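Topology and contacts: notes
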Amino acid sequence: MRRPLGVGLGEVLWDMLPDGPQLGGAPANFAYHFNALGGQGMIVSRVGDDDAGRRACRLLAEQGLDVSRISVDPLHPTGRVDVLLSAQGTASYVFPDDVAWDFLPAARAEDTLAGGAACICFGTLCQRTPAGRAAVRSFLQAADAAVLRVFDCNLRQNFYSSEVVQDSLQLADVFKLNEEELDVLAPALGVADVLRDAAARRAALHALVTRFGLQAAALTRGAQGSVLMTGESCHEHAGEMVEVADTVGAGDAFTAALALGWLCGLPPEQIHARAASVAAYVCGAHGAMPPLPAALRLLP
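A brief report on the enclosed structure follows. Please read all numbers here as calculations on a predicted model, not as lab measurements.

**Details of the sheet that holds strand β11 (residues 216-220)**
Spatially, β5-β4-β1-β8-β9-β10-β11-β12-β13 is the arrangement adopted by the 9 strands of the open sheet, whose pairing is mixed. Bordering the open sheet on either side are β5 (70-73) and β13 (234-237), each of which pairs with just one other strand. Strand-to-strand, the axes of this sheet are offset by a mean angle of 15 degrees, without reference to chain direction. Note: β11 against strand β12 (residues 226-230), 5 bridges, orientation antiparallel. Bridging from a neighbouring strand, A218 pairs with L228 of β12. Contacts from helix α2 (residues 51-62) reach β4 (40-48) and β5, with the element oriented near 170 degrees to β4. Across the sheet, helix α9 (residues 268-283) touches β12 and β13, and the angle it forms with β13 is around 30 degrees.

The following block contains the structure:
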């Protein structure tokens, strides 16, 4: 079976963790895990003409990722994010402005990479600037109609708006978010005013699937597990017990497993179980891109 091409579209940056810098950025994490799980991962991004950018591209290439579509910005530095970890290992983030991935170039209508992708994953952070938003939209428009478009919103600080989220949902086939994001977005999108319990969150998730004509929506709930909603069914997973090292990249790993499982045509409950296992493994490791055991692969 030919390895499907999964594109992470958006930011590449350095996670400045308490124990030192680690390469990251949600689209880069997605592409890494898509690749590690048996697909062909690729990143479309932008770095600065600096040591941080060159090191990022070198490390990604060493992981087997194609970096030919990571462009170099001569004016703006490679992105970074200061990662703050709670006592429980939960991460929060602070992002500087005016970095290279804010100026991702727009795709041409005849972009062969967009046309050849099986899956494109994108979020809100790289759409915080007009240039980034135009780049995401142009790349998705250049893609073939059959490409699986995955919107992993990854709300960060104030770098999003309900307009960007709604436009992204209209472009998406699959939506992934966490509980905190659903609590913010449900009122903003007019799905629900207050989400008081798990039943209300499931109803809000189903409303999003219906309203935006999604193939599926996945809600991650940390230690409480996750929910995978399709138009026909709802699958809940209790999660897996793990000693958390940090949560950086776990959601992106979940998204990569979800997308690759969907492309492989696996049943939703099997996709969900594998995505939960991959996310749990990443939670138990340090950094966003730990080596994955062969047992977690979806394709040989």
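Read on, since the account is not over.
**Remarks on the packing of aromatic side chains**
One pass over the full model with this rule turns up 4 aromatic pairs. Taking the centre distance of 6.4 Å and the plane angle of 85 degrees together, the rings of F95 and F159 count as edge-to-face. Here the residue F95 occupies a position in the loop between β7 (91-94) and α3 (112-116), and F159 occupies one in the loop between β9 (148-152) and α5 (162-171), the gap between them amounting to 64 residues. We note that F95, like F159, is buried. A ring pair is formed by F122 and F151, whose centres lie 5.3 Å apart and whose planes are at 25 degrees; its orientation type is stacked. Taken as a pair, F122 in strand β8 (residues 119-122) and F151 in strand β9 lie far apart in primary sequence, 29 residues in all.

**Some remarks on the sheet that holds β7**
Strands sit in the order β3-β2-β6-β7 across an open sheet of 4 strands; the sheet is mixed. Looking at which strands have only one partner, the edges of the open sheet turn out to be β3 (20-24) and β7. Across this sheet, the average inter-strand angle for adjacent strands is 35 degrees, counted without regard to direction. Here strand β2 (residues 13-17) pairs with β3 via 5 bridges, running antiparallel. In the sheet register, L13 faces β3, and the bridge partner there is G24. Running over the sheet, α2 touches β2 and β3 and is turned about 95 degrees from β2.

Rules and cut-offs
Residues numbered from 1 in each chain as written. Predicted model: local features only at pLDDT ≥ 70, side-chain atom pairs only at ≥ 80, totals over all residues. Heavy atoms only, no water. Pairing = 2+ DSSP bridges. Helix = DSSP H or I, 4+ residues; strand = E, 2+ residues; numbered from the N terminus. Axes fitted to C-alpha atoms, helices over the stretch in contact; angles between N-to-C directions. Contact = heavy atoms within 4.5 Å. Phe/Tyr/Trp six-rings, centres within 6.5 Å; stacked < 30°, edge-to-face > 60°. Buried < 20%, exposed > 50% of the residue type's maximum accessible area, 1.4 Å probe, protein only.

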